[in-house]
Amino acid sequence: AQSVSQHNHHVILSEAASLELGCNYSYGGTVNLFWYVQYPGQHLQLLLKYFSGDPLVKGIKGFEAEFIKSKFSFNLRKPSVQWSDTAEYFCARNYGGSQGNLIFGKGTKLSVKP
Amino acid sequence: SQTIHQWPATLVQPVGSPLSLECTVEGTSNPNLYWYRQAAGRGLQLLFYSVGIGQISSEVPQNLSASRPQDRQFILSSKKLLLSDSGFYLCAWASGSNGELFFGEGSRLTVL
């Protein structure tokens, strides 16, 4: 069965610190990878996605992620976080069934101290 | 542009009572629709998906059911709620062929 692992449950950073959130996915089939973000009181929204091509993908708000096939990883990065990045971040990959069948990691809560 | 709406936003129900959560999508036709449940510390779990009117696929055995009576309407139901049905339920639709999901605002269900 497909799976997605997020290594950090809760990350606390100061503003301007660099961020890297880990995500590992299970091998199998065509891999489409996503990072979603949920800001406090808001609905889930897409940060970035990888389908194919350049393994370094850029998303909204200065986030980027790198697909490393040999490590089955898709880590999320941001060079300098802001207080407004405080949110919960979810990594996800596709699996069979239909195009929107995604399996999600358990999420990483990011708290940025001003 | 496409929009997705869920209601009610918050619901408190006694054990054994029925449930109906509704989701509608506007601005797109024949979307794939999804119900996910989000539990604290456990991520999101796909419950049901639908590729068309009357077509429902269940991903996990449970006390809930889903229906799609119209192209852009997706309903999550239960005849008798259990305590374990408490959670945050998210409706979503998929754009394109690669699985990008657009989520509704969510419905928080508390079963007492």
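Given the structure is predicted, the values throughout are model-derived calculations rather than measurements.

About the criteria used
- Residues numbered from 1 in each chain as written.
- Chains lettered and ligands numbered in written order.
- Predicted model: local features only at pLDDT ≥ 70, side-chain atom pairs only at ≥ 80, totals over all residues.
- Heavy atoms only, no water.
- Disulfide = S-S within 2.5 Å.
- Helix = DSSP H or I, 4+ residues; strand = E, 2+ residues; numbered from the N terminus.
- Core = buried A, V, L, I, M, F, W, Y, C linked by side-chain atoms within 4.5 Å.
- Buried < 20%, exposed > 50% of the residue type's maximum accessible area, 1.4 Å probe, protein only.
- Contact = heavy atoms within 4.5 Å.

(A) The arrangement of the state of the cysteines in detail. Residues and elements named next belong to chain B. Using the criterion set out here, one finds two disulfides over all chains in the structure. Here cysteine 23 engages in a disulfide with cysteine 91; their sulfurs sit 1.9 Å apart. With the S-S bond torsion at -75°, the cross-link from cysteine 23 to cysteine 91 turns out left-handed. Taken together, the positions of cysteine 23 in strand S3 (residues 19-26) and cysteine 91 in strand S9 (residues 87-95) put the pair 68 residues apart, joining distant regions of the chain.

(B) Broad picture of the nonpolar core. Trp35(A), Leu47(A), Leu48(A), Phe74(A), Leu76(A) and Tyr89(A) are the most contacted members of the largest nonpolar core, which has 27 residues in total. When sequence neighbours within four positions are dropped, the list of residues in contact with Leu48(A) reads Leu33(A), Phe34(A), Trp35(A), Val57(A), Lys58(A), Gly59(A), Phe63(A), Glu64(A), Ala65(A), Phe74(A) and Leu76(A). Counting residues in hydrophobic clusters, the runner-up holds 21 residues, among them Leu19(B), Leu33(B), Cys91(B) and Trp93(B).

(C) The environment of Ala16(A), seen in detail. All names here are of chain A. As for its position among the elements, alanine 16 is in the loop between strand S2 (10-14) and strand S3 (19-21). Placed 65 residues apart in sequence, alanine 16 and valine 81 show a C-alpha to C-alpha distance of 5.0 Å. Residues contacting alanine 16, with those up to four places away along its chain left out, are Pro79, Ser80 and Val81.

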